[in-house]
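What follows is the residue order along each chain.
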Amino acid sequence: MRFHGTQSSSKGCLNSHRIRLYERDDYGGLVSELTEDCSCIHDRFRLHELHSLHVLEGSWILYEMPNYRGRQYLLRPGDYRHHHDWGATDARVGSLRRVIDLY
């Protein structure tokens, strides 16, 4: 029973992730929001590039290719007005995964 309580607490932490994805620099263009992992940004939002991001809750890993492959960028809560703000050389993106602490 105690394990079940811990599991419920962990599940609450899983839902504490939220990120906004923008089509253009400085939060311009279409905006989409995620609260769960996305293995292919193009299939879900029809976007091959993201030019700005706003991480509202939790930390995320951004991958340059679908299915969590390619270069990885750690995104902590905050503003990313241009793709170079998260360390990328271009705006190409493929997938996003939440960083989950399991302890």
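Scroll up for the structure.
Residues numbered from 1 in each chain as written. Predicted model: local features only at pLDDT ≥ 70, side-chain atom pairs only at ≥ 80, totals over all residues. Heavy atoms only, no water.

Asks: For this particular structure, what's the right way to read unusual backbone geometry?
Replies: With the exception of glycine, the majority of residues adopt a negative phi angle, and the majority of peptide bonds are in the trans configuration. Its identity is not glycine, yet D26 carries a phi of approximately 55 degrees, on the positive side. Among the secondary structure elements, D26 is positioned in the loop between β1 (18-24) and β2 (28-34). The partly exposed category is assigned to D26, whose relative accessible area is 43%. One non-glycine residue, N67, lies in positive phi territory at about 60 degrees. (Helix = DSSP H or I, 4+ residues; strand = E, 2+ residues; numbered from the N terminus. Buried < 20%, exposed > 50% of the residue type's maximum accessible area, 1.4 Å probe, protein only.)

Asks: Got a minute to help me understand the sheet that holds β2 in this structure?
Replies: Picture the strands of a sheet paired through backbone hydrogen bonds; they go either parallel or antiparallel. Here we have four strands laid out as an open sheet, ordered β2-β1-β3-β6, and antiparallel in their pairing. Both outer strands of the open sheet, β2 and β6 (78-80), are each paired with one neighbouring strand and no more. Each strand of the sheet is rotated relative to its neighbour by a mean of 15 degrees, with strand direction disregarded. As paired strands, β1 and β2 are joined by five bridges and run antiparallel to one another. The residue bridging L21 from the neighbouring strand is S32, located in β2. (Pairing = 2+ DSSP bridges. Axes fitted to C-alpha atoms, helices over the stretch in contact; angles between N-to-C directions.)

Asks: When you look at the side chain of H83 in this model, what are you seeing that I'm missing?
Replies: Along the chain, the position of H83 falls in the loop between β6 and β7 (95-98). Those residues in contact with H83 that lie beyond four places of it in its chain are L50, H51, A88, T89, D90 and A91. (Contact = heavy atoms within 4.5 Å.)

Asks: I would appreciate a short explanation of the packing of aromatic side chains in the present structure.
Replies: Under the criterion given, the structure shown has three aromatic pairs. Judged by centre distance (5.6 Å) and plane angle (70 degrees), the rings of Y63 and Y68 are edge-to-face. Of the residues examined, Y63 reaches a relative accessible area of 7% and is grouped as buried. Of the residues examined, Y68 reaches a relative accessible area of 21% and is grouped as partly exposed. Ring geometry for Y80 versus W86: centroids 6.4 Å apart, planes at 65 degrees, classification edge-to-face. With respect to class, Y80 is no different from W86; both count as buried. Of note, R97 hangs over the ring of Y68, and the distance from its end group to the ring centre comes to 3.6 Å. (Phe/Tyr/Trp six-rings, centres within 6.5 Å; stacked < 30°, edge-to-face > 60°. Lys NZ or Arg CZ within 6 Å of the ring centre and 35° of its normal.)

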